[in-house]
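What the coordinates show
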Amino acid sequence: MRPPLAGRLALLAVLPLAACVQTTAPTDKGGGLTLSSDAGRPIRLTYVKDLQPVFASDCVSCHNASSPAGGYSMADYASVMKDVRPGDPSSPLVVATQPLGHMFGYFSGDRLMKSSLVYTWVVEYDADNVESER
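Residues numbered from 1 in each chain as written. Predicted model: local features only at pLDDT ≥ 70, side-chain atom pairs only at ≥ 80, totals over all residues. Heavy atoms only, no water.

Moving on, we come to unusual backbone geometry. Even without being a glycine, Asp 126 presents a positive backbone phi close to 55°. Relative to the elements of secondary structure, Asp 126 occurs in the segment after α5 (111-124). For Ala 127, which is not a glycine, the phi torsion comes out positive at approximately 55°. For Ala 127, the location among the structural elements is in the segment after α5. (Helix = DSSP H or I, 4+ residues; strand = E, 2+ residues; numbered from the N terminus.)

Our next topic: the nonpolar core. By size, the foremost hydrophobic cluster in this structure holds 22 residues, and its most contacted members are Phe 55, Val 80, Leu 93 and Trp 121. Those elements that provide at least two residues to this core are α2 (47-58), α4 (92-97) and α5. For this core, the leading source of residues is α5, giving five residues. Non-local contacts of Leu 93, meaning those with residues more than four positions away in its chain, are made with Phe 55, Tyr 72, Met 74, Val 80, Asp 83, Val 84, Val 118 and Trp 121. (Core = buried A, V, L, I, M, F, W, Y, C linked by side-chain atoms within 4.5 Å. Buried < 20%, exposed > 50% of the residue type's maximum accessible area, 1.4 Å probe, protein only. Contact = heavy atoms within 4.5 Å.)

Another point: the confidence of the model for the protein chain. Per-residue pLDDT for the protein chain averages 82, and the proportion of residues at 70 or more is 71%. Within the protein chain, the lowest mean pLDDT, 61, falls on helix α1 (residues 5-20), and the highest, 97, falls on α4. (pLDDT = per-residue confidence, 0-100.)

The tally for this structure, following the rule as stated, stands at three salt bridges. A salt bridge links Asp 128 to Arg 44; the nearest nitrogen and oxygen atoms lie 2.8 Å apart. With a gap of 84 residues between them, Asp 128 in the segment after α5 and Arg 44 in the loop between α1 and α2 connect regions that are remote in the sequence. Taking the relative accessible area as the measure of exposure, Arg 44 reaches 34% and is therefore partly exposed. Asp 88 is paired through a salt bridge with Arg 85; the nearest N and O atoms lie 2.8 Å apart. Exposure remark for Asp 88: the relative accessible area of 22% places this residue in the partly exposed category. Given a relative accessible area of 39%, Arg 85 falls into the partly exposed group. (Salt bridge = Lys/Arg side-chain N within 4 Å of Asp/Glu carboxyl O.)

Bringing the packing of α2 against α5 into the picture now. In the contact formed by α2 and α5, the axes pass within 11 Å of each other and the chain directions differ by 135°. Compared by their axis directions, α2 and α5 come out oblique. The crossing of α2 and α5 is left-handed. Where α2 abuts α5, its residues Tyr 47, Asp 50, Leu 51, Val 54, Phe 55, Ser 57 and Asp 58 lie against Lys 114, Leu 117, Val 118 and Trp 121. When grouped by side-chain class, the residues that make up the contact of α2 with α5 number seven nonpolar, one polar and three charged. (Axes fitted to C-alpha atoms, helices over the stretch in contact; angles between N-to-C directions. Parallel < 35°, antiparallel > 145°, perpendicular 65-115°, else oblique. Left-handed = near helix turned anticlockwise from the far one by under 90°. Nonpolar A, V, L, I, M, F, W, Y, C, P; charged D, E, K, R; others polar.)

What follows is about the environment of Asn 129. Secondary-structure assignment places Asn 129 in the segment after α5. We classify Asn 129 as partly exposed; its relative accessible area is 31%. With 81 residues separating them in the primary sequence, Asn 129 and Val 48 have C-alpha atoms 6.8 Å apart. The contact partners of Asn 129, leaving out residues within four places of it in the chain, are Tyr 47, Val 48 and Tyr 77.

The subject of this paragraph is the packing of aromatic side chains. The final tally for this structure, using the stated rule, is six aromatic pairs. For the ring pair Tyr 47 and Phe 55, a centre distance of 6.3 Å and an interplane angle of 45° mean the geometry is tilted. Judged by its relative accessible area of 1%, Phe 55 is buried. Arranged with centres 6.4 Å apart and planes meeting at 70°, the rings of Phe 55 and Trp 121 form a pair that is edge-to-face. Of this pair, Phe 55 sits in helix α2 while Trp 121 sits in helix α5, placing them 66 residues apart in sequence. Ring pairing ties together the aromatic residues Tyr 47, Phe 55, Tyr 77 and Trp 121, which thus form one cluster. (Phe/Tyr/Trp six-rings, centres within 6.5 Å; stacked < 30°, edge-to-face > 60°.)

Structure follows, in structure tokens:
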């Protein structure tokens, strides 16, 4: 069954207009999480370069080795990994640091970016501690 004549004519009228559309490269640089370099190469998130500074500034004051709040220290990689199941979005660290998690409010600055960083590191990068070239 063929479409009605009016529908076919409307389609023919639109086709020449589609040829006039030009695309432009995106200019939004965003301010959030960057997972590729300016050259477009993938960036591997690691504990030392990406997560340790966040934990040091926002978490270790309470979750330190000498008096770990809630019995959980974030003073080093081995301690952090006690609440992490690599690749698992239901890992306690991921759940606690998401927007509805009980630790989210303790992030300073861009809380959503830091929450995304934790999630991405644990779930997408399997809580990697291997240093790689950026």
